[in-house]
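What follows is the residue order along each chain.
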Amino acid sequence: MSRLPGALNHLPLPIIGAPLFIISNPQLVIAQCQAGVVGAMPALNARPAAQLEDWLAEITETLAAYNRLNPERPAAPFAINQIVHKSNDRLQHDMEVCARFKVPIVITSLGAREDLNQAVHGWGGVVLHDVINNQFARKAIEKGADGLIAVACGAGGHAGVKSPFALVQEIRQWFDGPLALSGAIATGGGVLAAQAMGADFAYIGSAFIATEEARASAAYKQAIVEGSSDDIVYSNFFTGVHGNYLAPSIRAAGMDPSNLPESDPSKMDFAADKTHAKAWKDIWGCGQGIGAVSQVQSAADFVAQLKREYEEARRRLLG
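Residues numbered from 1 in each chain as written. Predicted model: local features only at pLDDT ≥ 70, side-chain atom pairs only at ≥ 80, totals over all residues. Heavy atoms only, no water.

A.B. asks: When you look at the sheet that holds strand 7 (residues 157-158) in this model, what are you seeing that I'm missing?
C.D. replies: The strands making up a sheet associate through hydrogen bonds between their backbones, and the pairing can be parallel or antiparallel. The three strands lie next to each other as 7-11-10, forming an open sheet whose pairing is antiparallel. With partners counted over all chains shown, the strands left at the sheet margins are strand 7 and strand 10 (232-235), one partner each. (Pairing = 2+ DSSP bridges. Helix = DSSP H or I, 4+ residues; strand = E, 2+ residues; numbered from the N terminus.)

This is the structure:
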């Protein structure tokens, strides 16, 4: 077993809900945590920046009240995603707000920084850093991250190209700390498979877009219900970094999903109020696991479904 810090110990289900840019909000995070999985959202989803304090107050107060009423079944902890890209001019402000609320888990993306990790440790938090290869994984741990999120082929949004089998086994050759696996996981069987490969947690994002609490349009949710892995396009055109997107949304924007031009990383910009709304609001990020999503339902019902499937998969293996 991995060495798991307190915030990640004894979760009812070994699942972390991925922070969904634009889509995750306090309602979804709270519903995920109350259902027993780590709920997460990007700090940048709160706009203007002052809204982040209101959102964190809502999450922490609601979960605290829930835990007082349900001491035998407390909520899972929540996580805030920080984009550590040089163009994110809100990073310092957002970290200060997280410090005031002592956010239990911080997920860092697009850059690993030692000072940021130390700041989170200073208030007793845990840092998970998402990586797309073993080289980035080593750098993140060297700079003080507590754990890793292996973003493999098929994950929604900014995803890598490594097979989950290759990525997890390479990381596990040297790292025995917390490890989550991301990439087309949308069933309880997929959660168990992630554990069988050596991960501690499954990192699930795209399937949560098709939940009632998610801040996505009805058309976006329905496209996930109707879509499959054949509808996913991998391109760096929209943000400068390769990611997976729904082909119907690309066609709706007047472009050919099979003939997109190349871009470059310098195109990415997380400056305040210029965070590529088109790339995520109109061009919909999505992973390859959506073929398992057959309906829009509440986050609680989806997590209950994952739990049933997880237990069924375990029974199948035990014969």
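A.B. asks: Help me understand helix 3 (residues 91-101) in this model?
C.D. replies: One turn of an α-helix holds 3.6 residues; hence residues three or four places apart share an orientation. Turning to helix 3, its buried residues number three or more, namely Leu91, Asp94, Met95, Val97 and Cys98. One side of helix 3 carries all its buried residues, which in axial view fall inside an arc of 160 degrees. Those residues of helix 3 that are exposed and aimed more than 90 degrees away from the buried face are Gln92 and Arg100. Structurally, helix 3 contributes buried residues whose contacts are with helix 2 (51-69), strand 3 (78-83) and helix 4 (114-122). Residue Lys102 follows helix 3 closely and has a positive phi angle near 50 degrees. (Buried < 20%, exposed > 50% of the residue type's maximum accessible area, 1.4 Å probe, protein only. Arc of directions from axis to C-beta. Contact = heavy atoms within 4.5 Å.)

A.B. asks: How should I be thinking about empty space enclosed by the protein in this particular structure?
C.D. replies: Vacant regions in the atomic arrangement are exposed by a probe of water-molecule size rolled over the atoms. As enumerated under the stated definition, the model contains one cavity of 30 Å³ or more in all. Space inside the largest cavity adds up to approximately 60 Å³. Every residue lining the largest cavity is listed: Ala207, Ala210, Thr211, Ala292, Val293, Ser294, Gln295, Gln297, Phe302 and Gln305. Of the residues belonging to the lining of the largest cavity, the class tally is five nonpolar, five polar and no charged. (1 Å grid on protein atoms, 1.4 Å probe; cavity = no way out; pocket = protein on both sides within 12 Å on 5 of 7 lines; lining within 4 Å. Points joined across faces, edges and corners; volume = space filled by probe spheres on them. Nonpolar A, V, L, I, M, F, W, Y, C, P; charged D, E, K, R; others polar.)

A.B. asks: Just checking my understanding: could you explain the sheet that holds strand 1 (residues 15-17) for this structure?
C.D. replies: What the eight strands build is an open sheet, ordered 1-9-8-6-5-4-3-2; its pairing is parallel. What marks the edges here is a single partner per strand, and that holds for strand 1 and strand 2 (39-42). When the angles between neighbouring strand axes are averaged without regard to direction, this sheet yields 25 degrees. (Axes fitted to C-alpha atoms, helices over the stretch in contact; angles between N-to-C directions.)

A.B. asks: Can you help me understand the packing of aromatic side chains in this one?
C.D. replies: The relation between two aromatic rings is expressed through the spacing of the ring centres and the mutual angle of the planes. Across all of its chains, the model carries five aromatic pairs by this definition. Judged by centre distance (5.0 Å) and plane angle (85 degrees), the ring pair of Phe208 and Phe302 falls under edge-to-face. One end of the pair, Phe208, is in helix 8 (residues 206-209); the other, Phe302, is in helix 12 (residues 299-318), with 94 residues separating them in the sequence. As far as burial versus exposure is concerned, Phe208 and Phe302 are alike and both buried. On the numbers, 4.7 Å between centres and 5 degrees between planes, the contact of Tyr220 with Trp284 is stacked. You can see Tyr220 sitting in helix 9 (residues 218-226) and its partner Trp284 sitting in the loop between helix 11 (277-282) and helix 12, a full 64 residues away along the chain. Owing to a relative accessible area of 4%, Tyr220 belongs among the buried residues under this scheme. Exposure remark for Trp284: the relative accessible area of 13% places this residue in the buried category. An aromatic cluster of three or more residues is present, and its members are Phe237, Phe238 and Tyr245. (Phe/Tyr/Trp six-rings, centres within 6.5 Å; stacked < 30°, edge-to-face > 60°.)

A.B. asks: What is the right way to read unusual backbone geometry from this model?
C.D. replies: Following Arg47, the chain continues to Pro48 via a peptide bond in cis, the omega torsion being 5 degrees. Structurally, the position occupied by Pro48 is in the loop between strand 2 and helix 2. Positive phi, close to 50 degrees, is recorded for Lys102, a residue that is not glycine. Tracing the backbone through its elements, the reader meets Lys102 in the loop between helix 3 and strand 4 (105-109). Look at Leu110: it is not a glycine, yet its phi comes out positive at around 60 degrees. Mapped onto the elements, Leu110 comes out in the loop between strand 4 and helix 4. Look at Leu110 and you get partly exposed, because its relative accessible area is 30%.

A.B. asks: Looking at this structure, how should I read the environment of Glu61?
C.D. replies: Within the fold, Glu61 resides in helix 2. For the pair Glu61 and Val191, spaced 130 residues apart in sequence, the C-alpha to C-alpha distance is 30 Å.

A.B. asks: I'm lost on the packing of helix 7 (residues 188-197) against helix 12 in this one. Help?
C.D. replies: When two helices pack together, their arrangement is captured by the angle between the axes and the distance separating the axes. Relative to each other, helix 7 and helix 12 sit at 60 degrees, their axes nearing to 6 Å. In terms of axis orientation, helix 7 runs oblique to helix 12. Like other packed secondary-structure pairs, helix 7 and helix 12 cross with a definite hand, here right-handed. Along the contact surface, helix 7 presents Gly188, Gly189, Val191, Leu192 and Gln195, while helix 12 presents Leu306, Glu309, Tyr310, Ala313, Arg314 and Leu317. Its residues placed into classes, the contact of helix 7 with helix 12 shows six nonpolar, three polar and two charged. (Parallel < 35°, antiparallel > 145°, perpendicular 65-115°, else oblique. Left-handed = near helix turned anticlockwise from the far one by under 90°.)

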